[in-house]
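Here are the chains, one letter per residue:
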Number of protein chains: 2
Amino acid sequence: MTKAKENKEKSKSSWKQNPERVKQDILRAAMSEFAKSGLSGAKIDDIAAKTETSKRMIYYYFDDKEGLYRHALEAAYAKVRKGEVNLDLADYAPTEGLARLVAFTFDHHRRNPDFIRMVMIENIHHAAHMRSSQVIRDLNLGAINQLRALIARGEASGDFRRGIDPVALHWQISAMSFFNVSNQPTFSAIFGKDLYSNDGQAALRDRAVAMILADVRATSEDQDDQS
Amino acid sequence: MTKAKENKEKSKSSWKQNPERVKQDILRAAMSEFAKSGLSGAKIDDIAAKTETSKRMIYYYFDDKEGLYRHALEAAYAKVRKGEVNLDLADYAPTEGLARLVAFTFDHHRRNPDFIRMVMIENIHHAAHMRSSQVIRDLNLGAINQLRALIARGEASGDFRRGIDPVALHWQISAMSFFNVSNQPTFSAIFGKDLYSNDGQAALRDRAVAMILADVRATSEDQDDQS
DNA sequence: AGCAAATTGTAATTGGCAGTACATTTTGTC
DNA sequence: GACAAAATGTACTGCCAATTACAATTTGCT
């Protein structure tokens, strides 16, 4: 055991600081664990283990478990929004545009199960942590405005019936897209996995699109209403 | 303080046994607490406090927290089934029968939020506790058979298009009925409570019925298919 | 009545996990 | 280069809540 002059043996102790990267790393791990196990089900130690840093840093940046959860929830919303592509709905006829929006929403939810599970957990907690977040509110209002524009064009062209409520329509689209992911475990436990194969999912998506289109379509009476 | 001959003062110590009633009492309290707070969120002490008996009896009859949860989950399914009325669907034309089934399902889910929340929680847990339960499987297969009969009649009469998958149709009906209850907290936190007023709910139910009927309705091409 | 099994009461115990204390290292700034 | 503030490492502590130990009481049975 020779005394190393520059005793750098096992790189004794020395690290680099990188606050932003550390915070993002923690949020990533937290989202994954909260989505898997819920708020009280997730363990800070487990989250820390999934991290490149330590439990100490979680408390340093996020104060406590609830603070971490709130930030993870906002991060989940932000991440899912970043995954949204510009659908250029204005380039399509109203019916075609709506069909594209529904199909995209269905697929997009499917691609982001962790986000869905965070929302499920938030619902279990009666949306207690979401109410304060302006970020989250804004994200969803964007979706409503998109729908509102589509509805306006559809009514004007006579393709859509009158009096469609954009929030209700958003509810209808969300219901199927969300349920498809949120209830997959119990549904496939009871009825088997057929509906969750590639073919099954494609069929469900087609049905969802068809249902929405059928619901907004103008009836002959409505068309008579055109002045 | 005269010595009471039959010293029954404050009924010193003496109780009646009633195993069945105690078990039901515990399950009722457990379901309520699990539905409110989730599996790890619910506290045995809180459940015991909602009971006419003590924490000791919970462990006596249900072994541990998970055992209690499993029984509470089955009890939730059993209770919701008991609340189902006989809709006498055979007495109605297929379209009318289906409309009644959808409307009833929508309302019935709304009347049983605790059941919905138990299923939400089970989904968070990847349906781990439900897989073993034959009871639960049977309850849902009943719904499928009801739909299958309706579909058969509708196809025969030419009212419905061909090739409707009863499980997919059940998925469609469940999606809207379930989502309506499960996501009420987050949805109303973001978009306000309008859709959850009496009028709002009636409108959503109408939309759900209309969407399902539009989706199963035979197109003119299908009708040409009739031999 | 008397015995054994079932049921209930009372009071611990134990482990897990959120949160903290304190020391050390890095980094910007003068 | 020295000082302060920011960032990180290490090792706890304290408490909550699940579970259990043990005693007492009831009930069915003969």
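Residues numbered from 1 in each chain as written. Chains lettered and ligands numbered in written order. Predicted model: local features only at pLDDT ≥ 70, side-chain atom pairs only at ≥ 80, totals over all residues. Heavy atoms only, no water.

## Describing the overall build of chain A
Line of reasoning, step 1. When helices and strands are tallied, chain A shows 11 helices and zero strands.
Line of reasoning, step 2. The N-to-C order of helical and strand elements in chain A reads α-α-α-α-α-α-α-α-α-α-α.
Line of reasoning, step 3. Within chain A, buried positions represent 47% of all 227 residues. (Helix = DSSP H or I, 4+ residues; strand = E, 2+ residues; numbered from the N terminus. Buried < 20%, exposed > 50% of the residue type's maximum accessible area, 1.4 Å probe, protein only.)

## Notes on the environment of A:Ile164
Residues and elements named next belong to chain A.
Line of reasoning, step 1. Inspection of the secondary structure puts Ile-164 in the loop between helix 7 (134-157) and helix 8 (166-182).
Line of reasoning, step 2. Sequence separation between Ile-164 and Val-216 is 52 residues, and the spatial gap between their C-alpha atoms is 7.3 Å.
Line of reasoning, step 3. The contact partners of Ile-164, leaving out residues within four places of it in the chain, are Ile-151, Glu-155, Leu-169 and Val-216. (Contact = heavy atoms within 4.5 Å.)

## Focus: the packing of aromatic side chains
Line of reasoning, step 1. By the definition in use, this model includes 14 aromatic pairs over all chains.
Line of reasoning, step 2. Summarising the aromatic geometry, the rings of B:Phe187 and B:Phe191 are spaced 4.8 Å apart at their centres and angled 45° between planes, so their arrangement reads as tilted. With B:Phe187 and B:Phe191 both in helix 9 (residues 184-191) and four residues apart, the pair spans about one turn of that helix.
Line of reasoning, step 3. Judged by relative accessible area, B:Phe187 falls into the buried class, the value being 6%.
Line of reasoning, step 4. Taken together through their ring pairs, the aromatic side chains of A:Trp171, A:Phe178, B:Phe179, B:Phe187 and B:Phe191 make up a single cluster. (Phe/Tyr/Trp six-rings, centres within 6.5 Å; stacked < 30°, edge-to-face > 60°.)

## A closer look at the relation of the copies chain B and chain A
Mapping between the two chain copies consists of a rotation about an axis together with a translation along that axis.
Line of reasoning, step 1. With an RMSD of 0.0 Å, the fit of chain B onto chain A corresponds to turning through 180° and sliding 0.0 Å along the axis. Taken together, these values place the two copies in the relation of a two-fold axis. Across chain B, the smallest distance between a C-alpha and the rotation axis is recorded for B:Met211, namely 2.6 Å. (Least-squares fit on C-alpha atoms with pLDDT ≥ 70 in both.)

## Let's talk about the pattern of salt bridges
Line of reasoning, step 1. Under the definition given, this model contains 20 salt bridges over all chains.
Line of reasoning, step 2. Between A:Asp215 and B:Arg207 there is a salt bridge, with its nearest N and O atoms 2.7 Å apart. In this pair, A:Asp215 sits in helix 10 (residues 198-216) while B:Arg207 sits in helix 10 (residues 198-216), so the two residues belong to two different chains.
Line of reasoning, step 3. In this structure A:Asp215 comes out as buried when scored by relative accessible area, which is 6%.
Line of reasoning, step 4. It is possible to trace a salt-bridge network through shared partners that takes in A:Glu33, A:Lys36 and A:Lys50. (Salt bridge = Lys/Arg side-chain N within 4 Å of Asp/Glu carboxyl O.)

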